[in-house]
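Per-entry structural report
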Amino acid sequence: MGRRRVVITGLGVVTPVGLDLESTWRALLEGVSGAGPVTEFDASQHSTRFLCAIKGFDPLNYFEKTEARRMDPYCLYQMVAAMEAMRHSGLDMSKEDPTRAGCIFGTGIGGISEIEEQKMVMRERGPGRVSPFFIPKLMSNASAGQASIRFGLQGTSFSTGSACASASNAIGIALRTVQYGEADMMLTGGSEKATTELALAGFCSLKALSKRNDDPQRASRPFDRDRDGFVMGDGGAAIVLEELEHARARGADIIAELCGYGSTDDAFHITAPAEDALGPRRAIEQALHDARLAPEDVDYVNAHGTSTHLNDKVETKALRMVFGSHADKLQVSSTKSMIGHLLGASGAVELAFSAMAVRTGQIPPTINYETPDPECDLDYVPNQARQANVRVAISNSLGFGGHNTCLALRRFED
């Protein structure tokens with residue numbers, strides 16, 4: 001059996017600018033920033049005191065109270081996105097073979113909210129008062145397990161962890177699972193809720209975050225000369241992948257075709273990217289080769305674009321190396337300028353946005369782009385969304401540990 005074609009038939013997101021796909025996409029096209037001061041805890045002693053939090057999210061709008069209490073926020077975000085994606089896909093699992101359907105989700109940090117909370121419980125009230133749901137809530141695989149249970153997915157099911165490349169790796173492996181005939185349908189994506197008191201302090205100590213405490217909404221400025229670090233964000237996305245003939249047989253609405261995946265490592269440093277850009281270059285080249293695409297076929301790049309000095313320079317260099325003269329024709333944007341950096345979830349939300357760009361011909365902007373950087377010299381779709389003919393898009397994710405991933409998708413054509 002040859003390699004099978006894989007299409008996207010369902011999308012769901014929970015982001016700092018919207019609790020579903022429609023509201024999020026509208027906010028992105030309007031250039032809305034989700035950044036604001038920390039409100040969940042006292043951050044007055046933190047060097048960065050703002051982030052991109054989820055707003056207006058009430059688990060009881062989606063779950064019974066007893067069910068909601070058994071999931072960490074990162075898992076709740078993933079499940080809500082998954083429910084939207086499954087609805088969007090129109091799949092009726094009662095009519096599907098559950099052994100031919102699986103779930104792979106990614107998370108970079110997992111249930112850190114639960115770890116912090118139960119550590120305080122133990123210190124203040126003793127080990128006997130630690131919740132029996134502590135372990136099932138903090139597990140990084142809890143999201144995949146919970147989704148498999150809810151939707152009856154009996155095929156392969158697990159979670160990936162590769163920092164900011166976690167969700168992209170999950171999606172890439174899910175793609176392979178369908179391509180090579182091990183499943184007909186996969187639910188995939190990623191989620192994160194790492195904006196806790198401890199995690200924020202840790203990223204502050206790494207000096208990775210912007211310190212524009214007086215102007216949070218203008219802090220995330222990927223590729224701008226005056227960028228000074230990323231802005232932490234929360235949320236998640238879920239994507240339904242199907243084998244093409246399976247989707248056709250049930251009359252599914254096909255959003256885009258997912259056709260390429262590349263994954264490499266810098267093998268250089270645990271947090272800093274290698275300045276030679278060879279790792280991300282190889283990941284992009286692998287994805288294009290896998291998709292049987294030439295560099296000049298690509299119209300849009302949803303960049304990793306974190307708003308850190310090194311990342312943006314290295315990613316630009318990698319794109320220049322892969323695309324040569326065609327790099328000047330690429331339209332490149334970083335949606336992190338609006339929703340912040342969702343860490344292990346970023347690859348999932350950004351693939352969803354890339355699929356929407358292919359579907360709608362609308363490219364979300366890179367907001368807060370004010371002063372060009374000579375080392376970042378591409379078309380970053382500055383400040384305003386753009387109407388364009390997007391036939392092919394790629395989405396990059398570069399993570400701590402030197403992990404580099406690239407996913408390629410194209411407009412579906414028979």
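On a predicted model such as this, the values are computed, not experimentally measured, just so you know.

Glancing now at the sheet that holds strand E10 (residues 331-333). Spatially, E5-E4-E6-E7-E1-E8-E14-E13-E9-E10 is the arrangement adopted by the 10 strands of the open sheet, whose pairing is mixed. Pairing within the sheet leaves two strands with one partner each, and these edge strands are strand E5 (157-160) and E10. Direction aside, the axes of adjacent strands within the sheet are offset by 25° on average. With four bridges joining them, strand E4 (residues 101-106) and E5 adopt parallel strand pairing. If you follow Cys 103 over to E5, its bridge partner there is Ser 157. The sheet strands contacting helix H10 (residues 278-291) are strand E8 (256-265), strand E13 (392-399) and strand E14 (403-410), and the helix crosses E8 at an angle near 145°.

Throughout the structure, instances matching the rule amount to 30 salt bridges. The residue Arg 386 makes a salt bridge to Asp 379 at a minimum N-O spacing of 2.6 Å. Relative accessible area serves as the criterion here: at 25%, Asp 379 is assigned to the partly exposed category. Three or more residues joined by partner-sharing salt bridges are found here, namely Asp 215, Arg 218, Arg 221, Asp 224 and Glu 370.

Attention now moves to the packing of helix H1 (residues 21-29) against helix H13 (residues 346-360). Two elements in contact, H1 and H13, have axes whose closest approach is 12 Å; the angle formed by their N-to-C orientations is 75°. What the angle tells us is that H1 and H13 run roughly perpendicular. Seen from H1, the contacting residues are Leu 21, Thr 24, Trp 25 and Leu 28; seen from H13, they are Phe 353, Met 356, Ala 357 and Thr 360. Here the residues of the contact of H1 with H13 sort into six nonpolar, two polar and no charged.

Once that is clear, we can look at unusual backbone geometry. Positive phi values are uncommon outside glycine, yet Ala 163 reaches one of about 55°. Tracing the sequence through the fold places Ala 163 in the loop between E5 and helix H7 (166-179). Positioned with a positive phi, Ser 307 is a non-glycine residue whose angle comes to about 85°.

Looking now at the side chain of Thr 24. For Thr 24, the location among the structural elements is in helix H1. From its side chain, Thr 24 meets the backbone oxygen of Gly 18 in a polar contact 3.1 Å long. Leaving out residues up to four positions away in the same chain, Thr 24 has contacts with Val 13, Thr 15, Val 17, Gly 18, Leu 19 and Phe 353.

Any two packed helices are characterised by how steeply their axes cross, that is the angle between the axes, and by the distance between the axes. Axis separation between H7 and H13 bottoms out at 5 Å; the angle between their running directions is 65°. Here H7 contributes Ala 167, Ser 168 and Ile 171 to the contact with H13, which in turn contributes Gly 347, Ala 348 and Leu 351. When grouped by side-chain class, the residues that make up the contact of H7 with H13 number four nonpolar, two polar and no charged.

Of note, Lys 211 is situated in the loop between helix H8 (197-205) and strand E7 (235-243). Separated by 162 residues in sequence, Lys 211 and Arg 49 have C-alpha atoms that sit 7.9 Å apart. If sequence neighbours within four positions are ignored, Lys 211 has contacts with Ser 47, Thr 48, Phe 50 and Asp 228.

Moving on, we get to the pairing of strand E6 (residues 185-192). Within E6, eight of the eight residues are buried, leaving the element largely enclosed by the surrounding structure. Residue alternation in E6 divides its side chains into two sets, Met 185, Leu 187, Gly 189 and Ser 191 and Met 186, Thr 188, Gly 190 and Glu 192, and both sets are buried. Bridging between E4 and E6 involves six bridges; their strand directions are parallel. Note that in E6 the partner of Gly 106 across the bridge is Gly 190.

Under the 1.5 Å per step criterion, the end-to-end length of helix H11 (residues 309-323) is 22 Å for 15 residues, consistent within 8% with the ideal 21 Å. Looking at H11, one finds that the buried residues are Asn 311, Asp 312, Lys 313, Val 314, Glu 315, Thr 316, Ala 318, Leu 319, Val 322 and Phe 323. In this structure, the buried side of H11 is in contact with H10, strand E9 (300-302), E10 and E13. Gly 324 sits one or two residues past H11 and shows a positive phi near 55°.

Moving on to the side chain of Ser 334. Mapped onto the secondary structure, Ser 334 falls in the loop between E10 and helix H12 (336-339). Overall, the relative accessible area of 0% leaves Ser 334 in the buried class.

Scoring rules and cut-offs
Sequence order as written defines residue numbering, which begins from 1 separately in each chain. Per-residue local features of the predicted model are confined to residues with pLDDT of at least 70, and side-chain atom pairs are confined, for both listing and counting, to 80 or more; whole-chain, interface and lining totals are unaffected and use all residues. Only heavy atoms go into the side-chain values, all of them from the structure, while hydrogens and water stay out. Two strands pair if DSSP finds at least two bridges between them. Helix and strand definitions follow DSSP, with helices as H or I runs of at least four residues and strands as E runs of at least two, each counted in order from the N terminus. As a rule, the C-alpha atoms of each element are fitted with a line to give its axis, helices using only the stretch in contact, and angles between N-to-C directions run from 0 to 180 degrees. It only takes one pair of heavy atoms within 4.5 Å for two residues to be counted as in contact. For this document, the term salt bridge refers to a Lys or Arg side-chain nitrogen within 4 Å of an Asp or Glu carboxyl oxygen. Summary of the burial criterion: residues with accessible area below 20% of their type's maximum are buried, those above 50% are exposed, and those between are partly exposed, where the area comes from a 1.4 Å probe applied to protein chains only. Should an angle lie under 35 degrees it is considered roughly parallel, over 145 roughly antiparallel, and from 65 to 115 roughly perpendicular; all remaining angles are considered oblique. The residue classification treats Ala, Val, Leu, Ile, Met, Phe, Trp, Tyr, Cys and Pro as nonpolar and Asp, Glu, Lys and Arg as charged. All others, Gly included, are polar. Residues adjacent in sequence count toward polar contacts only when both atoms are side-chain atoms; beyond that, a polar contact is any pair of N or O atoms within 3.5 Å, and within protein one must be able to donate a hydrogen and the other to accept it. By definition here, a helix of n residues has an expected span of 1.5 Å times n minus one.

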